[in-house]
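# Architecture at a glance
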Amino acid sequence: MQFSDFDPLKGKRLQVLTPDGEVDPKLLPDFDDDTLRTFFRHMLAARLVDRQCMALQREGRLGTYPPLEGQEACQVGSTMALAATDWIVPSFRELAATLVRGVPLEMILLYWMGNEEGSRIPRDFRLLPVSIPVGTHTLHAVGMAMALRYRQEAGAVVCYFGDGATSEGDFHEAMTFAGVRRAPVVFFCQNNAWAISVPRKIQCAAETLAAKGVGYGMPGIQIDGNDPFAVYLATRTALQQARAGGGPTFIEAVTYRLGPHTTSDDPSRYREDAEVERMRALEPLVRFRRFLEKRGLWSQGWEEGLVRELEEWIEAAVRQAEAHPGPRPQDVFDHMFAELPPHLARQRAELLAAHAGEE
Amino acid sequence: MAVLNLVEAINRALREELEADSSVLLLGEDVGKEGGVFRVTEGLQQAFGEERVIDTPLAESGIVGVAFGMALLGLRPVAELQFMGFLPPALDQIISHVGRIRNRSRGEYTAPLVIRMPYGGGIHAPEHHSESNEAILAHIPGIKVVIPSTPADALGLLKSAIRDPDPVLFLEPKRIYRAVKGEVPDGEHLVPLGRARLVRPGRDVTLVAWGAMVREAEKAAGELAGEGVEAEILDPRTVSPLDAEAIITSVKKTGRCVVVHEAPRTCGLGAEISALLMEAALLHLRAPVLRVTGFDTVMPLPKGEHFYLPDAGRIVGAVRQAMNF
């Protein structure tokens, strides 16, 4: 795959898997049957976790939560293309990417339940904690990529963000730095059509977001973000270029957020149900199921078995997260600095005294 | 012992840390070939190469955000912003990420970076080149804020800041970049963060001042000595965390305190120090804690800056008021 074959300025978009489940055999990577089933398993796992999180939030067992339904292909396809030495810099909607990376589900739940312990993701996972401010983390990815190159370490960095983030100033500074320094970083934009209530066309007047790559001296490509193979192919190619010293890439994956921005948002105020229904027919699980079925790799019974297995896993993780002891008063202070300065020691003592005798 | 000015001392600190540790690198606009707008990084790119001393695009949030990313992977970047007036675009990174990552990740990730910038007025600069926003920074959790007032301190504090495991903002009083010279010890010289310096001992009143204001306080103390008033001068050197102990101890001895800063008065560090003394030394006070500060106005352009900046005369006036209370 050459980025130049899919010039966004000529209206080109990379797609391997059609909504009907047909594939372009010239572009489909050589996956074995197990790997193909793994793609589906990861997407289904994320879908089920996501729905459970929405349900838990409605029951008051989880705080504000940003659902990812509809964006599974973007995250599973791209993280399947990563090497173990590559880094992931997520925004806050990267549930599927985080799960594919192997971060224990109970940690993810713990964070959204309101406990920072869920963000103590061991460095070995090479995945940063979530970044709630929009777009600011794109710069961190560039700095990390520059550090990898300076240290001559293997690996590149993939940074996830949404279409709204491309309107933020830091996104432009990140693209500028990455272009100039030829940093081994892949900017992965999940254009899910809406930044809370504001549509993509109000984020930017350009025809495509992918065209932005040109202005910063890097390839930009628009891909079908509901097609895990197109996502995989574009990310793998971008990573190979980055690792080989070829510099950064900007990928615009066109997808659709089927749910609300977060559990606090009411999308019925700003978008038509008809639009969501139209997009539902294009969503990644539906089309991947069709593809597997055509290959004889899917059956109702197989998926039902998978669902039962995943539901048990989710239930166990929820139990574990809910059984986690709550924070102690000293936890408020203990991670502010390597060494506690005197003024914080005084404030810590003040809080501890107020909570003395509680356990 | 070498006699250096502030610029030379900071340059030496950077050079020594670049030599000692390959994870230290410098980045900022014009820091390379140009050697920085004040020539603080002069000769360093020639000595350490373009991968260690990086000329960046003109983008303050970018400089800090990229340095933060480097620090996450264990480098020790020293980022330069050209003036404190250009700090606001980078504040988002400092507040949202730099000061929070250790806590957010429960210690799994840290950000051992230093952000250097010239600050303060008195050099007849254009607009947005004379800001003194240390109180804004001191209000942000998770960062340390350091301000040297002598060449020896500039060297020793900057080296400590670079080696510190947490993020440090290093504010350089540009008015005394070259105007103050002083002896700097040869060899390894470190000054710990968070500890005040007793500039001059005294019996009657404590003057708390930092940056270029230390020099004004010293002039005032000289004048007051002629009137028989012995002023003690304390330079906190780190405004966050503040060496509260040193200030309280001094004021318990003298019974009077005048805080001097060129930053605006309202919610400035003078208010913080005053509140500290109310809490910890009220019954030792023989006069209210007074503040000699800039005004709550935009810093005037060169023709008017002398109206704004505290000077020895205003400090002497405040001390007389405290003595006669």
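About the criteria used
Residues numbered from 1 in each chain as written. Chains lettered and ligands numbered in written order. Predicted model: local features only at pLDDT ≥ 70, side-chain atom pairs only at ≥ 80, totals over all residues. Heavy atoms only, no water. Helix = DSSP H or I, 4+ residues; strand = E, 2+ residues; numbered from the N terminus. Rg over C-alpha atoms; globule rule 2.2 N^0.38 Å. Buried < 20%, exposed > 50% of the residue type's maximum accessible area, 1.4 Å probe, protein only. Contact = heavy atoms within 4.5 Å. Areas by Shrake-Rupley, 256 points an atom, 1.4 Å probe, with all protein chains shown as cover. Lys, Arg positive; Asp, Glu negative; His and termini not counted. Charge placed at Lys NZ, Arg CZ, Asp CG, Glu CD. Core = buried A, V, L, I, M, F, W, Y, C linked by side-chain atoms within 4.5 Å. Pairing = 2+ DSSP bridges. Axes fitted to C-alpha atoms, helices over the stretch in contact; angles between N-to-C directions. pLDDT = per-residue confidence, 0-100. Salt bridge = Lys/Arg side-chain N within 4 Å of Asp/Glu carboxyl O. Phe/Tyr/Trp six-rings, centres within 6.5 Å; stacked < 30°, edge-to-face > 60°.

## Section: the overall build of chain B
A count of helices and strands for chain B gives 12 helices and 14 strands. Here the C-alpha radius of gyration of chain B, 19 Å, is about what a compact globule of 325 residues would show, namely 20 Å. Referenced to the eigenvectors of the C-alpha coordinate spread, the extents of chain B come out at roughly 60 × 40 × 40 Å. Burial status across chain B gives 65% buried among its 325 residues. The long-range share in chain B, meaning contacts at least 24 apart out of those at least 6 apart in sequence, stands at 81%. When the accessible surface of chain B is split by element, carbon and sulfur atoms take 53% of a total near 11400 Å². Considering chain B, the positive charge centre built from 34 side chains and the negative charge centre built from 42 side chains are found 4 Å apart.

## What to know about the nonpolar core
A:V142, A:F187 and B:L137 are the most contacted members of the largest nonpolar core, which has 84 residues in total. When neighbours within four sequence positions are excluded, A:V142 is seen to be in contact with A:A174, A:F177, A:A178, A:A183, A:V185, A:F187 and B:V66. The next biggest cluster of nonpolar side chains, apart from the first, holds 75 residues, and it includes A:C53, A:A97, A:W298 and A:L310.

## Observations regarding the sheet that holds strand 11 (residues 231-235) of chain B
Residue and element names in this part refer to chain B. Strand order across the open sheet formed by five strands is 9-11-10-13-14, with mixed pairing between neighbours. The sheet is open, and its two borders are formed by strand 9 (197-200) and strand 14 (290-293), each paired with just one other strand. Pairwise comparison of adjacent strand axes, ignoring direction, gives a mean angle of 25° for this sheet. Pairing analysis gives three bridges linking strand 9 to strand 11, with the strands arranged antiparallel. The residue of strand 11 that forms the bridge with L198 is L234. The sheet contacts of helix 9 (residues 244-254) involve strand 10 (205-209), strand 11 and strand 13 (257-261), and relative to strand 11 the element is tilted by about 175°. Sitting on the sheet, helix 10 (residues 269-281) touches strand 10, strand 13 and strand 14, and the angle it makes with strand 13 is about 160°.

## Let's talk about the sheet that holds strand 3 (residues 53-55) of chain B
Residues and elements named next belong to chain B. Across the sheet, which stays open at both edges, the seven strands sit in the order 3-2-4-5-7-6-12 with mixed pairing between neighbours. The sheet is open, and its two borders are formed by strand 3 and strand 12 (238-240), each paired with just one other strand. With strand direction ignored, the average angle separating the axes of adjacent strands in the sheet is 20°. Lying on the sheet, helix 1 (residues 6-20) is in contact with strand 2 (24-28), strand 3, strand 4 (76-80), strand 5 (114-119) and strand 7 (168-173); it crosses strand 2 at an angle near 130°.

## What to know about the confidence of the model for chain B
Residues at a pLDDT of 70 or more form 100% of chain B, whose mean pLDDT is 97. We note a pTM of 0.96 for the whole complex and an ipTM of 0.94 for its interfaces.

## Some words on the pattern of salt bridges
Going through the model one piece at a time under the given rule, you end up with 41 salt bridges over all chains. Between B:E172 and B:R116 there is a salt bridge, with the nearest N and O atoms lying 2.6 Å from each other. Of this pair, B:E172 sits in strand 7 while B:R116 is found in strand 5, placing the two residues 56 residues apart along the sequence. For the pair formed by B:E172 and B:R116, the shared burial category is buried. Between B:D235 and B:R197 there is a salt bridge, with the nearest N and O atoms lying 3.9 Å from each other. Of this pair, B:D235 sits in strand 11 while B:R197 sits in strand 9, placing them 38 residues apart in sequence. The same class applies to B:D235 and to B:R197, which are both buried. A cluster of three or more residues bridged by salt bridges with shared partners is formed by A:R47, A:R51, A:E69, A:E72, A:R280 and A:E283.

## Brief notes about the packing of aromatic side chains
Residue and element names in this part refer to chain A. One pass over the structure, following the stated rule, counts 23 aromatic pairs over all chains. Both rings, one in F39 and one in F229, keep their centres 5.7 Å apart while their planes meet at 70°; by these two values the pair is edge-to-face. You can see F39 sitting in helix 1 (residues 33-58) and its partner F229 sitting in helix 9 (residues 228-243), a full 190 residues away along the chain. Residue F39 is classed as buried on the basis of its relative accessible area, which comes to 0%. The exposure class assigned to F229 is buried, which follows from its relative accessible area of 0%. Note on F39 and F288: the rings are 6.1 Å apart at their centroids and 35° apart in plane angle, and the pair reads as tilted.

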